[in-house]
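Geometric and topological summary
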Amino acid sequence: MADRDLLIIGAGISGLSMAHYAAAAGLNALVLEREDRVGGCLHSHRFGEPNGFWLELGAHSGFNSYGNLLAILERVGLLDRLQRRAKVGFRMFAGGAVKSIPSQLHFPALALAPFRMLGLIKTGRTVADYYGHIVGRRNYTAVFEPAFNAVICQPAGEFPADSLFQPRPRRKDAPRSFTLPGGLQTIADTLAGPTGIPVELGRNAREIRRDGEGFVVRTDRGEYSARALCLATPVAAATELLRVPFPDIAGRLAEIETARVESVGIALPAARLPLPPVAGLIGRDESFYSAVSRDTVPDAHWRGFTFHFRPGVLGEEEKVERIAQVLGIDRALLESGHMAFKLNQLPVLRVGHSERAEVLNPALAGNRLALIGNYFSGVAIEDCVTRSRAEFERLRREGL
Ligand SMILES: Cc1cc2nc3c(=O)[nH]c(=O)nc-3n(C[C@H](O)[C@H](O)[C@H](O)COP(=O)(O)OP(=O)(O)OC[C@H]3O[C@@H](n4cnc5c(N)ncnc54)[C@H](O)[C@@H]3O)c2cc1C
C-alpha cells in the first residue's frame, strides 16, 4: 500500500505548482527536494541583516501574461502583494564600455523591419534566421543576438524562434512586469510555507522503481512510495532517474542538452557606484551574457547586480575582477559577505523541439507518471506552470 497519492521530485516552480494543484484537489502529495531550499531557479538571495537586501540569482520577472501563475498567486493570497518593477532601461556593455542601445543600432535597416515581418512565419525557424531577417544582419549581430543571449542565458542563434516571447492574454489587474517583496523566492516560500505544500528538503532522489501500479523513490535519506509520480527536475536529472524504469522516455530526454550559467550576485552601497540606474547590462563579445540589476526594485542604500557568466570562461577570482572592471569600482569594494554564487541550468531547445516533446506524451500515458519542467514549450515560468497544469489534469483523467 503506497504512502501517498503523489510524489513530486523537485521543488522549483514546476514541482510546487503541480503540488499546489494536487493539494487543491484534496490529494496527499509530497515534494522531495535535493537542496536545502525551495525554488530552484526562483532564487532570491537574501543578504540578511544589517542591510536586509536581496537580489535575484535566477529568474527576476513575472508578467501579467502569466495567467496560470497568476491564478495560483491569487489562490494563495499573493496577487495583492505583487510589486511593479520600475521602468529603467537596459544598456550594452561592448568594447570595454557601457553604451546606449540606440547608439548601437543601424536605423535605416530597422525601418524596413515592419515590411520584412509581413508573411514571415516563426515556426520552423531559428532565432538567428527569423529575427536576423527582420532587423537585418548588422542590427542582429550588434544588438539583437546579444540581447537574446541575455534573455535565455545561452547562445540564442539556434534556439527556436517560436519558443521566445509567446503571445498570451494579459491580465489587467496585475502589473505588466512584477516581482514580490523579497523577490520571486516569495512565491516558492509561500507555496511551500507552513500552511502550504509539504516539502522535504535535502532529499536527493537517486532511484525510481515501479511497485505494482505505484512507485518507490529512493533518496539519500530513505524511501518513499506513492500511487503516482511526477518528475519536476531539470532535464538531465529526469533522464538519469528514468534510465532504468523507462528507458524509451530517458532515451528521448537524453537528446536535450543542458546549458550551464555561472551566476554571481553582488550587493554594493549605492553611493559608491558610478553607473546610473539600469535594468541590466547586455554583454556583447563578453564573458557574461548579462548583468541583471536590482534597480528595478530600488533600495535607498544598496544596489545589486547578478552577472550571468558563460560557463568555463573565467575562474571565481577572475569573475569578481571582471565585475569590478565593468561596474567601474575598486575591487576592494566587493566584499565576500556581499556576494553569492549559483550554477544555473537551462535546457538547450532546438527547432522542432515542441513537436519532439509532444511525442513524450503518449509514452507517459497510462503509467501514472508525469514529466514537467522547462523543457517542453518554453523556459519561462509560465511555460512551466502551464505544463504542470496539463500534466495534473492528465493524471486526474487517468484516475489519480
Ligand atoms: C538566470 C535565469 C534567469 C531567468 N529569468 C526568468 C525570468 O525573468 N522570467 C521567467 O519567466 N523565467 C526566467 N527564467 C526561467 C525560469 O526561471 C525557469 O525555467 C524555471 O524557474 C524552471 O523551473 P523548474 O521548476 O522547471 O526547474 P528548476 O527551477 O530548475 O527546479 C528543479 C528543482 O529540482 C531539484 N532537483 C534536481 N534533481 C533532483 C533530485 N535528483 N532529487 C530531488 N530534487 C532534485 C533542484 O534542486 C531544483 O530545486 C530564468 C532562468 C534562469 C536560469
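Worth saying up front: this structure is predicted, and the values here are computed from it rather than measured. (Residues numbered from 1 in each chain as written. Predicted model: local features only at pLDDT ≥ 70, side-chain atom pairs only at ≥ 80, totals over all residues.)

Describing the overall build of the chain
What counts, and what does not: Every helix listed is a DSSP run of H or I at least four residues long, and every strand listed is a run of E at least two residues long, numbered separately from the N terminus. Put simply, the radius of gyration uses C-alpha atoms, and a globule should come to 2.2 Å times the residue count raised to 0.38. For the exposure call, what matters is how many other C-beta atoms sit within 10 Å of a residue's own: 20 or more marks it buried, 12 or fewer exposed, and in between partly exposed, using C-beta atoms placed from the backbone. Note on contacts: residues are paired as contacts if their backbone-placed C-beta atoms lie within 7 Å.
Check the secondary structure of the chain and you find 13 helices and 19 strands. For 400 residues, the compact-globule formula gives about 21 Å, and the C-alpha radius of gyration of the chain, at 22 Å, lands near that figure. In terms of its C-alpha atoms, the chain occupies a principal-axis envelope of roughly 65 × 55 × 45 Å. Here the chain holds 400 residues, and the buried ones make up 44% of them. Residue pairs at least 24 apart in sequence account for 70% of intrachain contacts in the chain once pairs closer than 6 positions are excluded.

Topic: the sheet that holds strand β9 (residues 177-179)
The criterion, for reference: Two strands are counted as paired when DSSP detects at least two bridges linking them.
Spatial strand order, β5-β9-β6: three strands in an open sheet with antiparallel pairing. One side of each edge strand has no neighbouring strand; the edge strands of this open sheet are β5 (62-63) and β6 (83-84). Here β5 runs beside β9; their pairing, made up of two bridges, is antiparallel. When the bridges of β9 are listed, G62 appears paired with F178.

Here's the deal with the pairing of strand β17 (residues 302-309)
Taken across its eight residues, β17 has eight buried, putting it largely inside the fold. By the alternation rule, side chains of β17 split into W302, G304, T306 and H308 and R303, F305, F307 and F309, which are all buried. Examined bridge by bridge, strand β14 (residues 257-269) and β17 share eight bridges and lie antiparallel to one another. Counterpart to V264 in the pairing with β17 is F307. As judged from the five bridges shared by strand β16 (residues 288-293) and β17, these two strands associate in the antiparallel manner. Within the sheet, the bridge partner assigned to A291 lies in β17 and is F307.

Details of the domain arrangement of the chain
The test is simple: In this document the domain limits rely on a domain assignment from an automatic tool or a database. Side-chain classes follow a simple rule in which Ala, Val, Leu, Ile, Met, Phe, Trp, Tyr, Cys and Pro form the nonpolar group, Asp, Glu, Lys and Arg form the charged group, and the remainder, Gly included, forms the polar group.
Partitioning the chain into structural domains gives domain 1 (4-38 + 192-256 + 350-397) and domain 2 (105-163). Of note, the centres of domain 1 and domain 2, computed from C-alpha atoms alone, are 34 Å apart. Along the lines of polarity and charge, the residues of the side of domain 1 that touches domain 2 split into two nonpolar, two polar and one charged.

Describing unusual backbone geometry
Positive phi values are uncommon outside glycine, yet C153 reaches one of about 55°. Note on placement: C153 falls in the loop between α6 (137-152) and β9. Judged by the 24 C-beta atoms lying within 10 Å of it, C153 falls in the buried class. In this model, R368 sits at a positive phi of 55°, which is unusual for a non-glycine residue. Along the chain, R368 falls in the loop between α12 (360-364) and β19 (369-371).

Describing helix α10 (residues 316-327)
The line we're drawing: A helix is expected to span 1.5 Å for every residue after the first. As used here, the arc belongs to the directions running from the helix axis to the C-beta atoms.
Taking 1.5 Å per residue, 12 residues should reach 16 Å; α10 reaches 17 Å between its end C-alpha atoms and fits that length. All buried positions along α10 are accounted for by K319, R322, I323, V326 and L327. Down the axis of α10, the sector holding all buried residues measures 120°, keeping them to one side. Facing away from the buried side of α10 by more than 90 degrees, the exposed set consists of E317, E318 and Q325.

Remarks on the site of the ligand
Selection criterion: The criterion for a residue being near a molecule or strand is a backbone-placed C-beta atom within 6 Å of that molecule or strand.
Around the ligand, the structure places 37 residues, and the nearest of them are G10, G12, S14, G40 and A59. Looking at the shell around the ligand, the elements that each hand over two or more residues are α1 (13-24), β14, β18 (339-348) and α13 (381-397). Examining the composition of the shell around the ligand, we find that three residues originate from one element, α1, more than from any other. Here the residues of the shell around the ligand sort into 18 nonpolar, 15 polar and four charged.

Considering the sheet that holds β17
Basically, it comes down to this: With axes taken as lines fitted to C-alpha atoms, and helix axes fitted only over the stretch in contact, angles between N-to-C directions fall between 0 and 180 degrees.
On the basis of which strands lie adjacent, the open sheet formed by seven strands has the order β8-β7-β15-β16-β17-β14-β18 and mixed pairing. Edge positions in the sheet fall to β8 (97-99) and β18, since each of these pairs with one other strand and no more. Strand-to-strand twist of the sheet, defined as the mean angle between neighbouring strand axes without regard to direction, takes the value 25°. Lying over the sheet, α10 contacts β7 (90-94), β14, β15 (280-283), β16 and β17, oriented at roughly 125° with respect to β17.

Observations regarding the nonpolar core
Under the convention used in this document: Residues enter a nonpolar core if they are buried, belong to Ala, Val, Leu, Ile, Met, Phe, Trp, Tyr or Cys, and are joined to the set through C-beta atoms within 7 Å.
Formed by 105 residues in total, the largest nonpolar core has its most connected members in L7, I8, L16, M18, V31, L229 and C230. Taken together, domain 1 (4-38 + 192-256 + 350-397) and domain 2 (105-163) each give at least three residues to this core, which thus spans both.

Notes on the packing of helix α5 (residues 127-135) against α6
Rules: Note on terminology: angles under 35 degrees are roughly parallel, angles over 145 are roughly antiparallel, angles of 65 to 115 are roughly perpendicular, and the others are oblique. Each crossing gets its handedness from the near helix: less than a right angle anticlockwise from the far helix is left-handed, clockwise is right-handed.
Across the interface, α5 lies against α6 with an axial gap of 9 Å and an inter-helix angle of 130°. Judged by the angle between their axes, α5 and α6 are oblique. In terms of crossing hand, the pair formed by α5 and α6 is right-handed. Contacts from V127, A128, Y131, G132 and V135 in α5 reach R137, N139, Y140, F144 and F148 in α6. Of the residues that constitute the contact of α5 with α6, the class distribution is seven nonpolar, two polar and one charged.

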